[in-house]
Amino acid sequence: MLEIGTTAPDIALEDTAGRPVRLADHLGQHGVLVYFMRSTSCPVCNGHVKDLAKHSAEFATNGVRVLVAVPEGRQEAAAWQTRNDLPFLVVTGREGSPHAAVGMMKKVFGAMQQSGSILVDSHGIIRHTHSSTLPTGSYDKKGIARAIEELRGRDAAVGN
């Protein structure tokens, strides 16, 4: 798993239309929160995404873009995104699993995909990272909120 304070790797992703998406493309003026779902069929992960969507205006106000990374292929991801009418960009791995690119591996004899999140500031530095094998523990809402509050404090201190 990635470490707080380190530079985020420029993960090779693609959106549901097959267009390349790089983490670096979303940096500059904004931070980026990437939520990695265990699967689009996971009811717990879907609940987490619904909560993220419910708070999408707060993320935008705080200068944070949200991406939802799924382990399924583009077509399945696109159908899931349409069914759920999400305000976020849904991405999948361009070269393998997006989860593996950040160290969220399959655990328990390779049967359970880890899920979790990373928050990267506008300079590409990881400010929050969290993963869990069980989906009930994958959404660290308080940790994400704390990291965003710290981002706001940093931005205020440098006049952004």
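Above this text sits the structure in question.
Residues numbered from 1 in each chain as written. Predicted model: local features only at pLDDT ≥ 70, side-chain atom pairs only at ≥ 80, totals over all residues. Heavy atoms only, no water.

A. Geometry of the sheet that holds strand β3 (residues 31-36). Pairing is mixed across the open sheet formed by 7 strands, whose spatial order is β2-β1-β5-β4-β3-β8-β9. A strand with exactly one partner marks an edge of an open sheet, and here the two such strands are β2 (20-22) and β9 (126-132). The mean angle between the axes of side-by-side strands here comes to 30 degrees, regardless of whether they run parallel or antiparallel. Lying over the sheet, helix α1 (residues 43-54) contacts β3, β4 (64-69) and β8 (115-120), oriented at roughly 155 degrees with respect to β3. The strands touched by helix α3 (residues 74-84) are β1 (12-15), β4 and β5 (89-93); relative to β5, the strand with the most contacts, the crossing angle is about 160 degrees. (Pairing = 2+ DSSP bridges. Helix = DSSP H or I, 4+ residues; strand = E, 2+ residues; numbered from the N terminus. Axes fitted to C-alpha atoms, helices over the stretch in contact; angles between N-to-C directions. Contact = heavy atoms within 4.5 Å.)

B. Up close: the layout of surface pockets. Taken as a whole, the second largest pocket holds about 190 Å³ of empty space. What lines the second largest pocket is Asp-51, His-55, Glu-58, Phe-59, Asn-62, Tyr-139, Lys-141, Ile-144, Ala-145, Ile-148, Glu-149 and Arg-152. For the lining of the second largest pocket, the elements supplying multiple residues, two or more each, are α2 (56-61) and α5 (141-158). Ranked by the residues each element gives to the lining of the second largest pocket, the list is headed by α5, at 6 residues. Here the lining of the second largest pocket is built from residues that sort into 5 nonpolar, 2 polar and 5 charged. (1 Å grid on protein atoms, 1.4 Å probe; cavity = no way out; pocket = protein on both sides within 12 Å on 5 of 7 lines; lining within 4 Å. Points joined across faces, edges and corners; volume = space filled by probe spheres on them. Nonpolar A, V, L, I, M, F, W, Y, C, P; charged D, E, K, R; others polar.)

C. Inspection of the side chain of Asp-15 at higher detail. By secondary structure assignment, the location of Asp-15 is in strand β1. On the accessibility criterion, Asp-15 (5% relative accessible area) is buried. Polar contacts involving the side chain of Asp-15 include one to the main-chain amide nitrogen of Ala-17, which spans 2.9 Å. Contact partners of Asp-15, with chain neighbours within four places excluded, come to Val-21, Arg-74, Leu-89, Val-90 and Val-91. (Buried < 20%, exposed > 50% of the residue type's maximum accessible area, 1.4 Å probe, protein only. Polar contact = N/O pair within 3.5 Å; in protein donor to acceptor, adjacent residues only side chain to side chain.)

D. Broad picture of the pairing of β1. By the alternation rule, side chains of β1 split into Ala-12 and Glu-14 and Leu-13 and Asp-15, which are all buried. As paired elements, β1 and β2 share 3 bridges and run antiparallel to each other. What sits directly across from Glu-14, in β2, is Pro-20. From the end of β1 to the start of β2, which pair antiparallel, there are 4 residues, and Gly-18 there has a positive phi angle of about 90 degrees.

E. Summary view of the packing of aromatic side chains. Applying the stated criterion to the full structure yields 1 aromatic pair. Between Tyr-35 and Tyr-139 the ring centres are 6.2 Å apart and the planes differ by 75 degrees, which places this aromatic pair in the edge-to-face class. Of the two residues, Tyr-35 is situated in strand β3 and Tyr-139 in the loop between β9 and α5; the sequence distance between them amounts to 104 residues. (Phe/Tyr/Trp six-rings, centres within 6.5 Å; stacked < 30°, edge-to-face > 60°.)

F. α1, seen in detail. For α1, which comprises 12 residues, the first-to-last C-alpha distance of 16 Å matches the rise-based estimate of 16 Å (1.5 Å per residue) to within 8%. Within α1 the residues assigned to the buried category are Cys-45, Asn-46, His-48, Val-49, Asp-51 and Leu-52. (Expected span 1.5 Å × (residues − 1).)

G. Geometry of the pattern of salt bridges. By the definition in use, this model includes 5 salt bridges. Asp-10 is paired through a salt bridge with Arg-22; the nearest N and O atoms lie 2.9 Å apart. Of this pair, Asp-10 sits in the segment before β1 while Arg-22 is found in strand β2, placing the two residues 12 residues apart along the sequence. What makes Arg-22 partly exposed here is its relative accessible area of 33%. The partner of Asp-51 in a salt bridge is Lys-141, and the shortest N-O contact between them spans 3.1 Å. Linking Asp-51 in helix α1 with Lys-141 in helix α5, this pair joins segments that are 90 residues apart in sequence. Of the residues examined, Lys-141 reaches a relative accessible area of 39% and is grouped as partly exposed. (Salt bridge = Lys/Arg side-chain N within 4 Å of Asp/Glu carboxyl O.)

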